[in-house]
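Here is what each chain is made of, one letter per residue.
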Amino acid sequence: STHPPAMPSPVPRPVHLKLFLGIAALLLSACEAARLPPHIGRVRGGAGEQQLSKDEMFAFDEALPWLSYVREHGVQQFVAMFHDNKALTSDELLWGDEIEYHLVRLDEKQKTAKVALRAEEVLEVLRQKEHQFGRRDGFGEACSWHPEYGAWMVEGTPRVPYGGYTADLRRVEHNMRLRRKRLAAVLRPDEHALTMPAFPTLGVGDFAEPAAAAGNDATLSASAPDALITPLPRFHALTRNIRLRRGSKVDIRAPLLRDAKTDAAELARGIEMDAMAYGMGCCCLQVTFQARDIDESRHLYDHLAVLAPVMLALTAATPVLHGRLADTDVRWATVAASVDDRTPFERGVPPDESAPRRSAEELAPLAGGGVAPLPKSRYESISVYLANCGGCMKRYNDLDAPLDGRSLETLLEGGVDEDLARHVAHLFVRDPLVIMKSRLRLDDATETDHFENLQGTNWQTVRWKPPPRATACGPQVGWRVEFRSMEVQLTDFENAAFTTFVVLVSRVILAFDLNLYLPLTKVDENMRRAHLRDAVLQQRFWFRKHMAPPEEPVDDPDACEEMSVLEILTGKGDHFPGLIPLIFAYLEAIQCDPETLELMRSYMDLLRRRASGQLATAARWMRARVAAHPSYRGDSRVPDDVAYDLVKACADVAEGRLRASELLGEQPIPPLRTDDAYYVPLMRRTIARGERASLLRAYAARYSAERDGYEGEGGLGGGESLP
């Protein structure tokens, strides 16, 4: 056992934390605050309930003696949790989505778009209103709000998970629309909540309102001050510790689009960014579902990982980064580089000459001594399948996935099967990045903080989520899978379409017992292709040729081939039926109600038309608007007025003021209203005499005028009277 320096026992104190609610239900401590019935369970929880605490964090140099302690005890906590929950079953399907929003200010006179650094203030108002207008009976939809990395960002989820009925598929767009209404209702007249992955001119010129205060102690960035980071200790510690562990500030490079007047030197350098905000300041769309049991969760994890690159390409929405047109369409690689804490030795590159050299003794406390090769950032596609399917894993797990030997030994000795043990041991080749001083010495049999410390900072395309600690507020949450690759879309209609598609595909995989396994080298190649410009039309993706055992003998039932996204969705030849036809076959088999079926047709039609090129991805639509703008000079730079018009157009489309047929076809987006954002209570208060008299006079006069007009038209007769 590791024995770091002794510490005094921490004094118990209250913990203020982000409530990791089930895809949107609340913890016991929040049940009364949210005024929800106690039976509502949570599904989203488990990413580490201490993660957003305001408690004090270790500085990086203080944390060094504790790194191996947290890793060792994190593995022990997983073993205990695994045995406590391995027989846990969850008969009810619970699921939900997470959407992140940029708060932006549009100045019509100055023609500028800026991020609005008011997320903390806006969150407080949103939470107060949810508490004030929440219903105790759980009727209707409700929202839950959380801080995000950027001080201009807000995350919204449904407060109550969606359930396992076809009617729940219709709840998604309604709840997303409600979130947008409630956000808009608390913003200033010139502010908007945008669902686009990257704010186009982040870090360029005067891009924030109010102006971001100087100071870059956490990032050392030349363009993104620390004031962009949400003022929670975890976010600042995470930013600083990634830089310190790495030995230099983060180095993000995205390829620059070559246009007619692009500067050759800029083209060679690419788009350079040097702060975590450029990656973790991106918004995304995520979907989490609760599985029936541990085996089903592992099965879904593997199969959805195969779909992750395809859905990344299909949802592409990031053509502009740091004020430049990128030669990529998606955010993923930018985010991966923004949290890359690997040392030069781990990355296999020469040390940065401008950074201080570290000796072997200084690197020794790090995982792998800071020198063991790590092929990927912490934010990447998966490197290990985890389903327990016997020898099949040897055919598909063909990546160089480093494992922590000591963790693997502990897991196997603790009775964890080899496939799952390898998955966890792969997570534990990393170091914990943020350690809370008050949550260090824990009971490994009942607590999971140290496991979640590593689990929650391995940001992969799919995340496998063990059950969180049980609470008295609702039923025990089960084994879950989080699908993380998709780009957030401009409208709630689009986001609902992609969300329900992923959920229905998960049902199809289980109902038809599909096999989507590919060698992981092929999945990684698909991920690389998904980043390329217009990949949804220009690239082909490796996919399994036979998702079910073929009826006739074939040479290789495990064969995979390259397919277009359209073929993956709609079918290829006689051997591959396509995912969308399988979805409708499933809906017919379960006798889906007509109203839901019609909505699913409109959603699946959007996906099909995007994949065929009949409709543009958001990335292609945005890129075309920039290129066609009178102020764009063909030099790959996005001037302020071009960025303003682009952001305004995105807001107008999302809020129903601009019809974008090239993006949405004939699908209407209703104008956004805020006067119906909350349920209105039938008040018990007594109306004051003066107010009462004024109201009675006004309505008596109105009805008198209406009656006179009606009688004049020959309306009332034969003793009839107004109600």
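Our structure is the block above this text.
To keep things clear, this report deals only with the structure shown in the data block. All of these numbers come straight from a predicted model, not from anything done at the bench.

**Re the nonpolar core**
(1) Moving on: Of all hydrophobic cores here, the largest spans 205 residues; its most connected members are Phe78, Tyr385, Phe501 and Trp621.
(2) Moving on: In terms of residue count, helix 9 (residues 294-314) provides more of this core than any other element does, 13 residues in total.
(3) Moving on: If sequence neighbours within four positions are ignored, Trp621 has contacts with Leu490, Ala616, Ala649, Cys650, Val653, Ala660, Glu662 and Leu663.

**Regarding the side chain of Thr219**
(1) Moving on: Along the chain, Thr219 falls in the loop between strand 6 (208-209) and helix 6 (233-246).
(2) Moving on: There is a polar contact of 3.0 Å between the side chain of Thr219 and the backbone nitrogen of Ser221.

**A word on the pattern of salt bridges**
(1) Moving on: The final tally for this structure, using the stated rule, is 62 salt bridges.
(2) Moving on: Between Arg245 and Glu346 there is a salt bridge; the shortest N-O distance is 2.8 Å. Here Glu346 lies in helix 11 (residues 344-347) and Arg245 lies in helix 6, a separation of 101 residues in the sequence. Both residues of the pair, Arg245 and Glu346, count as buried.
(3) Moving on: Asp274 is the partner of Lys249 in a salt bridge, and the nearest nitrogen-oxygen pair spans 3.0 Å. Placement of Lys249 in the loop between helix 6 and strand 7 (252-254) and of Asp274 in the loop between strand 8 (271-273) and helix 8 (277-280) is noted, with a sequence separation of 25 residues between them.
(4) Moving on: The buried category is assigned to Asp274, whose relative accessible area is 11%.
(5) Moving on: Salt bridges linked by common partners bring Arg71, Arg245, Asp341, Glu346, Arg378 and Asp431 together as one network.

**A closer look at the packing of helix 21 (residues 579-589) against helix 22 (residues 594-612)**
(1) Moving on: Their axes nearest at 11 Å, the elements helix 21 and helix 22 cross at an angle of 175°. Classified by the interaxial angle, the pair formed by helix 21 and helix 22 is roughly antiparallel. Between helix 21, through Ile580, Ile583, Phe584 and Leu587, and helix 22, the contact on the second element is made entirely by Leu597, Met600, Arg601, Met604, Leu607 and Arg608.
(2) Moving on: Its residues assigned to classes, the contact of helix 21 with helix 22 comprises eight nonpolar, no polar and two charged.

**Remarks on a nonpolar patch on the surface**
(1) Moving on: Together, Ile687, Leu695, Tyr699 and Tyr703 make up a nonpolar patch on the protein surface, roughly 380 Å² of accessible area in all.
(2) Moving on: Looking at where Tyr699 falls in the secondary structure, it is placed in helix 26 (residues 689-712).

**Comments concerning the packing of aromatic side chains**
(1) Moving on: Across all of its chains, the model carries 17 aromatic pairs by this definition.
(2) Moving on: On the basis of an interplanar angle of 55° and a centroid distance of 4.4 Å, the ring pair of Trp332 and Tyr379 is categorised as tilted. Of this pair, Trp332 sits in helix 10 (residues 332-338) while Tyr379 sits in strand 12 (residues 379-380), and the two are 47 residues apart along the sequence. Comparing Trp332 with Tyr379, the two get one shared label, buried.
(3) Moving on: Members of the aromatic cluster, connected to one another through ring pairs, are Phe78, Phe82, Phe428, Phe451, Trp464 and Trp479.
(4) Moving on: A cation sits over an aromatic face here: Lys522 above Trp542, 4.7 Å from the ring centre.
(5) Moving on: For Arg702, the ring lying beneath its charged end belongs to Tyr699, and the centroid distance is 4.4 Å.

Parameters at a glance
- Residues numbered from 1 in each chain as written.
- Predicted model: local features only at pLDDT ≥ 70, side-chain atom pairs only at ≥ 80, totals over all residues.
- Heavy atoms only, no water.
- Core = buried A, V, L, I, M, F, W, Y, C linked by side-chain atoms within 4.5 Å.
- Buried < 20%, exposed > 50% of the residue type's maximum accessible area, 1.4 Å probe, protein only.
- Helix = DSSP H or I, 4+ residues; strand = E, 2+ residues; numbered from the N terminus.
- Contact = heavy atoms within 4.5 Å.
- Polar contact = N/O pair within 3.5 Å; in protein donor to acceptor, adjacent residues only side chain to side chain.
- Salt bridge = Lys/Arg side-chain N within 4 Å of Asp/Glu carboxyl O.
- Axes fitted to C-alpha atoms, helices over the stretch in contact; angles between N-to-C directions.
- Parallel < 35°, antiparallel > 145°, perpendicular 65-115°, else oblique.
- Nonpolar A, V, L, I, M, F, W, Y, C, P; charged D, E, K, R; others polar.
- Patch = residues over 30% accessible without salt bridge, like charges linked within 9 Å, V, L, I, M, F, W, Y side chains within 5 Å.
- Areas by Shrake-Rupley, 256 points an atom, 1.4 Å probe, with all protein chains shown as cover.
- Phe/Tyr/Trp six-rings, centres within 6.5 Å; stacked < 30°, edge-to-face > 60°.
- Lys NZ or Arg CZ within 6 Å of the ring centre and 35° of its normal.

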